[in-house]
Each structure stands twice: as structure tokens, then as C-alpha cells.
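Coordinate analysis (summary)
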There are 2 protein chains.
Amino acid sequence: MRLALQQAELAYHAGEVPIGAVVVHIGSGRVLARAFNQTEVLHDPTAHAEMLAITAATQRMGGKYLEQCALYVTVEPCPMCAGAMLWGRVGCLVFGASDAKKGYTRYAPQILHPRTEVVSGVLGQECQALMQHFFQARR
Amino acid sequence: MRLALQQAELAYHAGEVPIGAVVVHIGSGRVLARAFNQTEVLHDPTAHAEMLAITAATQRMGGKYLEQCALYVTVEPCPMCAGAMLWGRVGCLVFGASDAKKGYTRYAPQILHPRTEVVSGVLGQECQALMQHFFQARR
């Protein structure tokens, strides 16, 4: 999650909503992808950190499934990103801060693949603080 | 929807799940993007027709919102694609066949932006038939 937070900080300094994601191969601990939210610079509403990380990790793995991987993300994924994790069969989702407004659990927790393990609240306060700083600075 | 069906047929012949999508600017009728499902060839679980069409349309528009656009897709979108339509603020969603198993309405109809108009069942039988042919041929 420290690596994901580093990605979120890169987003922060780039003027993007500060969310970062990292995909790790569980067996080897190898980092397959790291990404941060780039919706502004890419003019692309689908360019969330998780989406970019999933696409990059599947390219690295040479297949479209990530069953043996954990995806770390600083903020609870939205339904789009949770849906991508379903299709990519992500083995484990670890997120930091919850998102009561736009998180997938508010819409439908069952969007995720039934075999995806979920761990929440990891470095949650730090992940949340970065988001709060970002939005406070824009008010 | 005829154009979206053409895209779905391209997917069919490429060995991809045959779903096609087209984004049209409502005011001018201009086609901004056309795409078909490419998850296999790209090894990317996020490469659904709708996702590719949304990204292509926002690139064409030079912004990340598609409020003045209609997205035509041959099959009801999944939660990932519905989530992308939320973020992209798609003005109108028109789909053909319903998807009782993986469609967003099964999970949470409210994933879509509240202002997105939805029209369903347009050329529904033809869109459905193409899917059935595809999966029957693989059994």
C-alpha cells in the first residue's frame, strides 16, 4: 500500500484526484503494475488508477486474468473499477480509505468476483488525508 | 443501432464475444466512435466495446464528458461499462438485447448517471441472435 500511496502522491502533484494502485503477483511478490488516476491529462473518464493498473498487469502477464494477483488501491474502487476486477478475476483487493459516496459497496458489493478476497482500511487514514487535502485546496 | 450491429459482427468474425458500440453526437448526428469487444486480442478484460467507444469519443470531443452524446450498444452494459457511462456522463444509453446474468440492471440500475436516459430493446432480437450463434458454436 506504500507503493500505491506513492502513486497517489504523483497524481496529487499532477492535479489529478489522488488515487494510486499497484498490482502485485501474490506468489512472488513481484510488482506487475503501478498507476495513478489520469482522467484529466488523458481526457478519459475511464482512466482510473485501477483500470490502468489492471490493463498494464494483464499486458505484463500475457493473459486477461489476474487470479494470482493482489490489487492495492488507496481508495475504495467505484463500480466501474470493481467491474473490471470481476472481469479480470483479481485474486485479492486491498484498499485504504472507504468511499461512502462512490465506492462499489454502496451500489452492489456483489459486483466483485465471488472468489476475490477483500481487505479494507490498510493505511486508510493516510489515503483519506491525501484526498481531503486535494479537495480542500480546490474549494 | 445498425452501425453497432456491424461492429458486433466484426467482433464475431474476430472470435470475440460479439458486442458492438457506437457513440453519436445527438445534436449533429455525427458518429464520434465505433468499437467492438476486443478482450481476447488485447488480452485486456477492460476492453469491452463500450469502454473503447467511450475513450475514443472523449478523445474526439477533447473533453471527458459525453453529455450531448448517445451510446448505442448491442447488449446491455455490465457494471464496469455502466460505471464508465456514469463518469463520462453519457446523455443517452440505447441498448439492444438485455443481459439477465451480467447486465448492470441486475446489480444496480443506479450505477448510471441520474440524467442518463435509457432506451432498451432496439433491434434486440438481432443483437441477441448474434450472441446465441456465437456461444452455440463454441459448445
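The numbering scheme is per chain: residues are counted from 1 as the chain's sequence reads. Throughout, the order in which chains and ligands are written sets their labels, letters from A for the former and numbers from 1 for the latter. Side-chain atom pairs in this predicted model are given and counted only at pLDDT of 80 or more, local residue features only at pLDDT of at least 70, and totals for whole chains, interfaces and linings cover all residues. Only hydrogens and water are removed before side-chain values are computed, so all heavy atoms of the structure are retained for them.

As annotated in an unreviewed UniProt entry, chain A carries the name tRNA-specific adenosine deaminase and comes from Candidatus [Bacteroides] periocalifornicus. UniProt positions are given in the numbering used here, feature names are shortened, and annotations may be inferred rather than shown by experiment. Turning to chain A, the UniProt record has this under Sequence similarities (unreviewed entry): "Belongs to the cytidine and deoxycytidylate deaminase family. ADAT2 subfamily." You can read under Catalytic activity (unreviewed entry) in the UniProt record for chain A the words "adenosine(34) in tRNA + H2O + H(+) = inosine(34) in tRNA + NH4(+)".

**Regarding the overall build of chain A**
In terms of helices and strands, chain A carries 5 helices and 5 strands. A helix here means a DSSP run of H or I that spans at least four residues, while a strand means a run of E at least two residues long, and both kinds are numbered starting from the N terminus. Sequence-ordered secondary structure for chain A, helices as α and strands as β, is α-β-β-α-β-α-β-α-β-α. The globule rule is 2.2 Å times the number of residues to the power 0.38, and the radius of gyration it is compared with is taken over C-alpha atoms. Since a compact globule built from 139 residues should have a radius of gyration of about 14 Å, the 14 Å found for chain A is in line with a globular shape. Overall, chain A is about 40 × 30 × 25 Å in size when its C-alpha atoms are taken along their principal axes. Looking at the 139 residues of chain A, the share that counts as buried comes to 53%. Considering only intrachain contacts with a sequence separation of at least 6, the fraction spanning at least 24 residues in chain A is 59%. Here chain A displays about 6400 Å² of accessible surface, and carbon together with sulfur accounts for 50% of that area. For chain A, the distance from the average site of its 12 positive side-chain charges to the average site of its 10 negative ones is 3 Å. The rule is simple: take the accessible area with a 1.4 Å probe, protein chains only, and divide by the maximum for that residue type; under 20% is buried, over 50% is exposed, in between is partly exposed. We call two residues in contact whenever any of their non-hydrogen atoms come within 4.5 Å of each other. In this description, accessible areas are obtained by the Shrake-Rupley approach with a 1.4 Å probe, and a residue is regarded as covered only by the protein chains that are shown. Positive charge is attributed to Lys and Arg, negative charge to Asp and Glu, and no charge count is given to His or to the chain ends. Charge positions are represented by NZ for Lys, CZ for Arg, CG for Asp and CD for Glu.

**Focus: the packing of aromatic side chains**
Residue and element names in this part refer to chain B. Think of it this way: a Phe, Tyr or Trp ring, Trp meaning its six-membered ring, pairs with another when their centres are within 6.5 Å, and the plane angle makes it stacked under 30 degrees, edge-to-face over 60, tilted otherwise. Tallied over the full model, the rule gives 4 aromatic pairs over all chains. Ring centres 6.0 Å apart and planes at 65 degrees place the aromatic pair tyrosine 12 and phenylalanine 134 in the edge-to-face group. On the criterion of sequence distance, the pair formed by tyrosine 12 in helix α1 (residues 2–13) and phenylalanine 134 in helix α6 (residues 124–137) is long-range, its members being 122 residues apart. On the basis of relative accessibility, which here comes to 5%, the residue phenylalanine 134 falls in the buried class.

**So, the pattern of salt bridges**
Residue and element names in this part refer to chain B. When a carboxyl oxygen of Asp or Glu is within 4 Å of a side-chain nitrogen of Lys or Arg, the pair counts as a salt bridge. A complete count under the given rule lists 6 salt bridges over all chains for this structure. Among the salt bridges present, the one from glutamate 126 reaches arginine 2, with a minimum N-O distance of 2.8 Å. Of the two residues, glutamate 126 sits in helix α6 while arginine 2 sits in helix α1, which places them 124 residues apart along the sequence. Using a relative accessible area of 37% as the deciding quantity, one classes glutamate 126 as partly exposed.

**Some thoughts on helix α2 (residues 49–61) of chain A**
One turn of the α-helix equals 3.6 residues, which is why residues spaced by three or four share an orientation. What a helix is expected to span follows from its residue count: subtract one and scale by 1.5 Å. Between its terminal C-alpha atoms α2(A) stretches 18 Å, which fits the 18 Å expected from 13 residues at 1.5 Å a residue. Among the residues of α2(A), Ala49(A), Glu50(A), Met51(A), Ala53(A), Ile54(A), Ala57(A) and Thr58(A) are the ones counted as buried. The inward-facing, buried residues of α2(A) contact β1 (20–25), β2 (31–36), β3 (69–75) and α3 (79–87) of chain A together with α3 (49–61) and α4 (79–87) of chain B. Gly62(A), located one to two residues past α2(A), shows a positive phi value of around 75 degrees.

**A look at the packing of α2(A) against α3(A)**
Residue and element names in this part refer to chain A. Across the interface, α2 lies against α3 with an axial gap of 9 Å and an inter-helix angle of 20 degrees. Relative to α3, the element α2 is oriented roughly parallel. In this structure, α2 meets α3 at a crossing whose hand is left-handed. When α2 is examined against α3, the residues Glu50, Met51 and Ile54 are found in contact with a partner set consisting of Met80, Cys81, Ala84 and Met85. Looking at side-chain class alone, the contact of α2 with α3 contains 6 nonpolar, no polar and 1 charged residues. Note on geometry: axes are C-alpha line fits, over the in-contact stretch for helices, and angles between N-to-C directions span 0 to 180 degrees. For classification purposes, angles smaller than 35 degrees are called roughly parallel, those larger than 145 roughly antiparallel, those between 65 and 115 roughly perpendicular, and all remaining angles oblique. Each crossing gets its handedness from the near helix: less than a right angle anticlockwise from the far helix is left-handed, clockwise is right-handed. Any residue that is not Ala, Val, Leu, Ile, Met, Phe, Trp, Tyr, Cys, Pro, Asp, Glu, Lys or Arg is counted as polar, Gly included; the first ten are nonpolar and the last four charged.

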